[in-house]
Amino acid sequence: DARVTQTPRHKVTEMGQEVTMRCQPILGHNTVFWYRQTMMQGLELLAYFRNRAPLDDSGMPKDRFSAEMPDATLATLKIQPSEPRDSAVYFCASGLGRLNTEAFFGQGTRLTVV
Amino acid sequence: AQTVTQSQPEMSVQEAETVTLSCTYDTSESDYYLFWYKQPPSRQMILVIRQEAYKQQNATENRFSVNFQKAAKSFSLKISDSQLGDAAMYFCAYRRVIGPLVFGKGTRLSVIA
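One structure accompanies this document, and this report is about it. (Residues numbered from 1 in each chain as written. Chains lettered and ligands numbered in written order. Predicted model: local features only at pLDDT ≥ 70, side-chain atom pairs only at ≥ 80, totals over all residues. Heavy atoms only, no water.)

### Comments concerning the interface of chain A and chain B
- Contact residues are listed per partner, giving 27 residues for chain A and 19 residues for chain B.
- The junction of chain A with chain B conceals about 2,000 Å² of combined surface from both sides, 51% of it contributed by carbon and sulfur atoms.
- Between the two partners, chain A and chain B, sit zero salt bridges.
- Taken together, the connections running from chain A to chain B amount to seven residue pairs in polar contact (both at pLDDT 80 or more).
- Listing elements by their share of the side of chain A that touches chain B, those giving two or more residues are strand E4 (31-38), strand E5 (42-50), strand E9 (88-95) and strand E11 (109-113) of chain A.
- For the side of chain A that touches chain B, the element with the most residues is E5(A), which contributes five residues. (Contact = heavy atoms within 4.5 Å. Buried area = accessible area lost by both parts, 1.4 Å probe. Salt bridge = Lys/Arg side-chain N within 4 Å of Asp/Glu carboxyl O. Polar contact = N/O pair within 3.5 Å; in protein donor to acceptor, adjacent residues only side chain to side chain. Helix = DSSP H or I, 4+ residues; strand = E, 2+ residues; numbered from the N terminus.)

See the structure below:
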């Protein structure tokens, strides 16, 4: 059963600490998205990769956030230093990047920064 | 930039009844895709139904159907014979031909037994 795997599922950290969230896209998918979900803003696109190259990271605060794909099986989202306003659920999704194909979502990482 | 608006933050429906969730969007593109996603308390985002803008026929998936009005840029979701398991957040989303999803703020649906 192919699925997008995100780790950790939950993370509580102190303000100022570095946080790394990981995503394993579905094997063979060449497109990866990072979304952040909050009550106030809903689901916002943070970054978008195709064939491991970043296509759009305009939604990501560049001073503290970074997103990478070290290889085709791993995407990472890093926050350094973390702040309480970063508390949210972070979703990774993957897809084939072709017409009429859907994006498959992981179960998200719930981040709490205290 | 494309935007998606869901004007109903919350809705409720009696079990076995029908409910319609509203969605409007703004785009200058002529070809695009529209989606409804369901998010139950488990947090998992589940695709409910998809509509290609070039298709005039409204998509249906079992008890779920859409009313796609391209000129009005409207894309509503109808759930027939509502079940307790339908209770969730529902998100309307837009996507250019190839690109990321743009989501509305969601509608929380409650199903009353």
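### Topic: the nonpolar core
- Within the largest apolar cluster, 25 residues are counted, with the highest numbers of intra-cluster contacts made by Tyr25(B), Trp36(B), Phe75(B), Leu77(B) and Tyr90(B).
- Dropping the residues within four chain positions of it, Leu77(B) is found in contact with Val19(B), Thr20(B), Leu21(B), Trp36(B), Ile49(B), Phe64(B), Ser65(B), Val66(B) and Tyr90(B).
- Counting 22 residues, the second largest nonpolar core, distinct from the first, contains Val19(A), Ala67(A), Ile79(A) and Leu111(A). (Core = buried A, V, L, I, M, F, W, Y, C linked by side-chain atoms within 4.5 Å. Buried < 20%, exposed > 50% of the residue type's maximum accessible area, 1.4 Å probe, protein only.)

### A short note on the state of the cysteines
- Tallying each qualifying case throughout the model produces two disulfides over all chains.
- One disulfide bridge connects Cys23(A) with Cys92(A), the sulfur atoms lying 1.9 Å from each other. Handedness of the Cys23(A)-Cys92(A) disulfide follows from its S-S torsion of about -60 degrees: it is left-handed. With Cys23(A) in strand E3 (residues 19-24) and Cys92(A) in strand E9, the pair connects residues that are 69 residues apart, well separated along the chain.
- The disulfide partner of Cys23(B) is Cys92(B), and the S-S distance across this bridge is 2.0 Å. Here the S-S torsion is close to -70 degrees, and the disulfide linking Cys23(B) with Cys92(B) is therefore left-handed. Here Cys92(B) lies in strand E10 (residues 88-96) and Cys23(B) lies in the loop between strand E3 (19-21) and strand E4 (24-26), a separation of 69 residues in the sequence.
- Take Cys92(B): its relative accessible area is 1%, and that puts it in the buried class. (Disulfide = S-S within 2.5 Å.)

### Points about the pattern of salt bridges
- Taken as a whole, this structure holds eight salt bridges over all chains when the rule is applied.
- In this structure, Arg85(A) and Glu83(A) form a salt bridge, with 2.5 Å as the shortest nitrogen-oxygen distance.
- In this structure, Arg63(B) and Asp86(B) form a salt bridge, with 2.8 Å as the shortest nitrogen-oxygen distance. Taken together, the positions of Arg63(B) in the loop between strand E7 (60-61) and strand E8 (64-69) and Asp86(B) in the loop between strand E9 (74-79) and E10 put the pair 23 residues apart, joining distant regions of the chain.

### Topic: the sheet that holds E3(A)
Residues and elements named next belong to chain A.
- Across the sheet, four strands lie side by side as E1-E3-E8-E7; this open sheet has antiparallel pairing. Each end of this open sheet is capped by a strand with a single partner; those strands are strand E1 (5-7) and strand E7 (65-71). Averaged over all pairs of adjacent strands, the angle between their axes in this sheet comes to 20 degrees, without regard to strand direction.
- Where E1 and E3 come together, three bridges link them in antiparallel fashion. Its bridge partner lying in E3, Thr7 is registered against Arg22. (Pairing = 2+ DSSP bridges. Axes fitted to C-alpha atoms, helices over the stretch in contact; angles between N-to-C directions.)

### As for unusual backbone geometry
- For the bond from Thr7(A) to Pro8(A), the omega torsion is -10 degrees, close enough to zero to count as cis.
- With respect to the element layout, Pro8(A) can be found in the loop between E1 and strand E2 (10-13).
- One non-glycine residue, Asn51(A), lies in the positive phi region at around 50 degrees.
- Looking at where Asn51(A) falls in the secondary structure, it is placed in the loop between E5 and strand E6 (53-56).
- Residue class for Asn51(A) comes out exposed when judged on its relative accessible area of 55%.
- Unlike most non-glycine residues, Asn62(B) shows phi in positive territory, near 55 degrees.
- Residue placement: Asn62(B) occurs in the loop between E7 and E8.
- A relative accessible area of 80% places Asn62(B) in the exposed class.

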